[in-house]
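# Secondary and tertiary structure notes
Residues per chain, in single letters:
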There are 2 protein chains.
Amino acid sequence: MEKDIDYENIGRYFSQMYRKGRVFYAQELKKFGLGSGQSIFLFQLYKKDGVTQEELANTLYIDKGTTARSLKTLEEQGFIKKEHIISDKRLNIICLTEKALILEEEITSILKKWDTILSNSLSCEEKSTLLKLLKKISDSNELK
Amino acid sequence: MEKDIDYENIGRYFSQMYRKGRVFYAQELKKFGLGSGQSIFLFQLYKKDGVTQEELANTLYIDKGTTARSLKTLEEQGFIKKEHIISDKRLNIICLTEKALILEEEITSILKKWDTILSNSLSCEEKSTLLKLLKKISDSNELK
């Protein structure tokens, strides 16, 4: 029996939309041989590559184990390569390969496609209001 | 070098908030011996237990492999038990244990705590607007 618990809260919607997004990404990324678990790292590396594994994990709020596993898969698939930092040979930085760069536009267009689906039911004004409120939440001190 | 790509979109905020929520849940759930990966299943089971593994995976938009692994951990930790369906012995349903039920209030209060943090920077009117817009997105046909 379904209990009538008031979970229709903001966090629940975020979580639901995130997971639906993952399903969407998984479908769209199949043709590139990528899983949705790797995509978030690839999307972030398209924004900024040449970063350490730790920096990437911190930026995305993803634990180190998951980050290591996902990057290993991306490396095996030829999307990223690890390079030693000259000043500190114990550290690697993650760089995109030519294969990844060639596919950049095609892969990042998936992000825009999902955003279009998300905002399809909203008017232009509603979308602008939503983005303003989301930015306000994101900028609030407790979440930094 | 960070590229100036326009990724400040709705999906990106959802994803960011979801991951920050996971970090928050992980911290709060540590004392119960639970990881944030299991919490989402437990939260859903508090809402409705006595469901099959497949139903749970579909409701949460989480793949079958992840669902199976998380439920195995929850079972080992004594939060859930699997029971055979009398009409179809091949099927199990997932039920909460007494241990889980005793901790229900304490564990579900973490959801409310996260929601309070999320909406802390918003006025009452803004929160209401945000929930209305999120509901509109969630209800839109393409996302059902």
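Residues numbered from 1 in each chain as written. Chains lettered and ligands numbered in written order. Predicted model: local features only at pLDDT ≥ 70, side-chain atom pairs only at ≥ 80, totals over all residues. Heavy atoms only, no water.

### A closer look at the packing of helix α2 (residues 36-47) of chain A against helix α6 (residues 104-119) of chain A
Each pair of packed helices gets described by two things: the angle between the helix axes and the distance between those axes. Residues and elements named next belong to chain A. Put simply, α2 and α6 touch, their axes get as near as 11 Å, and they point 115 degrees apart. Relative to α6, the element α2 is oriented roughly perpendicular. Helix-helix and strand crossings are classified by hand; for α2 and α6 the assignment is left-handed. Judged by residue contacts, L42, F43 and Y46 of α2 engage E104, I107, T108 and L111 from α6. Along the lines of polarity and charge, the residues of the contact of α2 with α6 split into five nonpolar, one polar and one charged. (Axes fitted to C-alpha atoms, helices over the stretch in contact; angles between N-to-C directions. Helix = DSSP H or I, 4+ residues; strand = E, 2+ residues; numbered from the N terminus. Parallel < 35°, antiparallel > 145°, perpendicular 65-115°, else oblique. Left-handed = near helix turned anticlockwise from the far one by under 90°. Contact = heavy atoms within 4.5 Å. Nonpolar A, V, L, I, M, F, W, Y, C, P; charged D, E, K, R; others polar.)

### Focus: the pairing of strand β3 (residues 88-96) of chain B
Residues and elements named next belong to chain B. Of the pairings in the sheet, the one linking strand β1 (residues 51-52) to β3 comprises two bridges and is antiparallel in character. Its bridge partner being in β3, V51 is matched across the sheet by I94. With six bridges connecting them, strand β2 (residues 80-85) and β3 associate as antiparallel partners. Bridged to I85 within β3 is D88. Hairpin connection of β2 to β3: two residues between the antiparallel strands. (Pairing = 2+ DSSP bridges.)

### A look at α2(A)
Residues and elements named next belong to chain A. Taking 1.5 Å per residue as the helical rise, α2 with its twelve residues ought to reach 16 Å, and the 17 Å between its terminal C-alpha atoms agrees with that figure. Judged by how many residues are buried, α2 sits mostly within the fold: eleven of twelve residues are covered. All of the buried residues along α2 are S36, Q38, S39, I40, F41, L42, F43, Q44, L45, Y46 and K47. (Expected span 1.5 Å × (residues − 1). Buried < 20%, exposed > 50% of the residue type's maximum accessible area, 1.4 Å probe, protein only.)

### Some details on the nonpolar core
Formed by 76 residues in total, the largest nonpolar core has its most connected members in I107(A) and I107(B). Sequence-distant contacts of I107(A), that is, excluding residues within four places in its chain, are made with L29(A), F32(A), L34(A), L42(A), F43(A), Y46(A) and F79(A). (Core = buried A, V, L, I, M, F, W, Y, C linked by side-chain atoms within 4.5 Å.)

### What about the environment of G78(B)?
Examined against the element boundaries, G78(B) turns out to sit in the loop between α4 (64-76) and β2. If sequence neighbours within four positions are ignored, G78(B) has contacts with T97(B) and K99(B).

### Topic: the packing of helix α1 (residues 10-29) of chain B against helix α2 (residues 36-47) of chain B
Residue and element names in this part refer to chain B. Running from N to C, α1 and α2 cross one another at 90 degrees; their axes reach a closest spacing of 9 Å. As the angle between them shows, α1 and α2 are arranged roughly perpendicular. Mapping the contact onto sequence places R22, Y25, A26 and L29 in α1 and S36, G37, S39 and F43 in α2. Within the contact of α1 with α2, the residues separate by chemical class into four nonpolar, three polar and one charged.

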